[in-house]
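The primary structure of each chain is shown beneath.
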Amino acid sequence: MIVELRQYTLHLGRRDELVELFEREFVAPQREVGMPVLGTFRQPSAPDRFVWLRAFPDLASRTGSLAAFYEGPVWTAHRDAANVTMVDSDDVLLLRSVHGGVPARRSTPGPVRVSVHYFDGPADELAPLSWDPWVLATHPGPNGYPRLPVREGENVLVAVSLDPSVPPVPDAWTARATRDPEHLVLEPTTTSSLG
C-alpha cells in the first residue's frame, strides 16, 4: 500500500471551512477513482493545520488516480474554494506500509498519534514485529504526478497509533535518528476513517 501523509498550513480561521468542503465534496470522489481517504484530522495544538492520509494500491495506480481527480470535474468545480483557505499544501510524505495495517476504526472516536522519525538512510528493518502501531517508511519511487509535489531526499519511519498516551519510539529509532521526531496528536474529523 502507498500512503500520502499530507500536512497543510491554512490561513488562520479557515480550517473548519476547508474541513467542511473536504468532507462534503472530496472524500467520496477520491475513493471512486481509487484513492481512499484514510483519515482527516485537526491538530488541536496548531489551529492553522489540517492533516490527512490517503492510500493507493501501488505507485503505478497513484498517477492515474491523481490525474482522474485533479483533472476531473469535482476538483475543477471546488479547487478555488479549497485553495483560498491554504497557505501551503506541499508538505507531503510519500510512504509505503512496512508493518501492521490501517488501525481498525474505534466505536468511540478518539485522538490519533502520528510520529515522524528521521534517519540518514532507509530504516525499514527497525520496525519491530511485535508492536501495535502501523509503521510506514519513505517510498523510494519517483513522484509520477509532479503537479503535486512530495518531500524528497528524506528517510522517515512514520508510526500511526490510536493510543496517543504512549509515544511509539523504540530504542533503536532513537539511537539512529538524525533529528528529533515530530509527534502529532490529531483529532479526527467527522468522516475520518481513522480514529
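Summary of the structure given here. (Residues numbered from 1 in each chain as written. Predicted model: local features only at pLDDT ≥ 70, side-chain atom pairs only at ≥ 80, totals over all residues. Heavy atoms only, no water.)

## Structural notes on the packing of aromatic side chains
Part 1: Enumeration according to the criterion identifies 11 aromatic pairs in this entry.
Part 2: Measuring from centroid to centroid gives 6.1 Å for Y8 and W52, while their planes differ by 90 degrees, and the two rings are edge-to-face. Linking Y8 in strand β1 (residues 2–10) with W52 in strand β3 (residues 49–56), this pair joins segments that are 44 residues apart in sequence. Per residue, the accessibility class of Y8 equals that of W52, and both read buried.
Part 3: Seen in terms of ring centroids, F22 and F50 are 5.2 Å apart; in terms of plane orientation they differ by 65 degrees. Their pairing is edge-to-face. Separated by 28 residues along the polypeptide, F22 in helix α1 (residues 15–32) and F50 in strand β3 bring together distant segments of the chain. Neither residue differs from the other here; F22 and F50 are each classed as buried. (Phe/Tyr/Trp six-rings, centres within 6.5 Å; stacked < 30°, edge-to-face > 60°. Helix = DSSP H or I, 4+ residues; strand = E, 2+ residues; numbered from the N terminus. Buried < 20%, exposed > 50% of the residue type's maximum accessible area, 1.4 Å probe, protein only.)

## Notes on the environment of M1
Part 1: Relative to the assigned elements, M1 resides in the segment before β1.
Part 2: The class for M1 is partly exposed, based on a relative accessible area of 45%.
Part 3: C-alpha separation for the pair M1 and D58, spaced 57 residues apart in sequence, amounts to 5.8 Å.
Part 4: Setting aside its immediate chain neighbours within four residues, M1 contacts L38, A55, F56, P57, L95, R96, S97, V102 and W134. (Contact = heavy atoms within 4.5 Å.)

## Topic: the environment of V112
Part 1: Mapping V112 onto the fold places it in strand β5 (residues 112–119).
Part 2: Judged by its relative accessible area of 0%, V112 falls in the buried class.
Part 3: V112 sits 73 residues away from V185 along the chain, and the two C-alpha atoms are 5.8 Å apart.
Part 4: With residues near it in sequence (within four places) discarded, V112 still touches F41, R106, V160, S161, L162, L184, V185, L186, P188, L194 and G195.

## Structural notes on helix α3 (residues 73–83)
Part 1: Within α3, burial applies to W75, H78 and A82. Taken around the axis of α3, the buried residues stretch over an arc of 100 degrees, which confines them to a single face. Counted as exposed and oriented over 90 degrees from the buried face of α3: P73, A77 and D80.
Part 2: Where α3 is buried, its residues touch α1, α2 (59–70) and β4 (86–99). (Arc of directions from axis to C-beta.)

These figures capture arrangement, not role.
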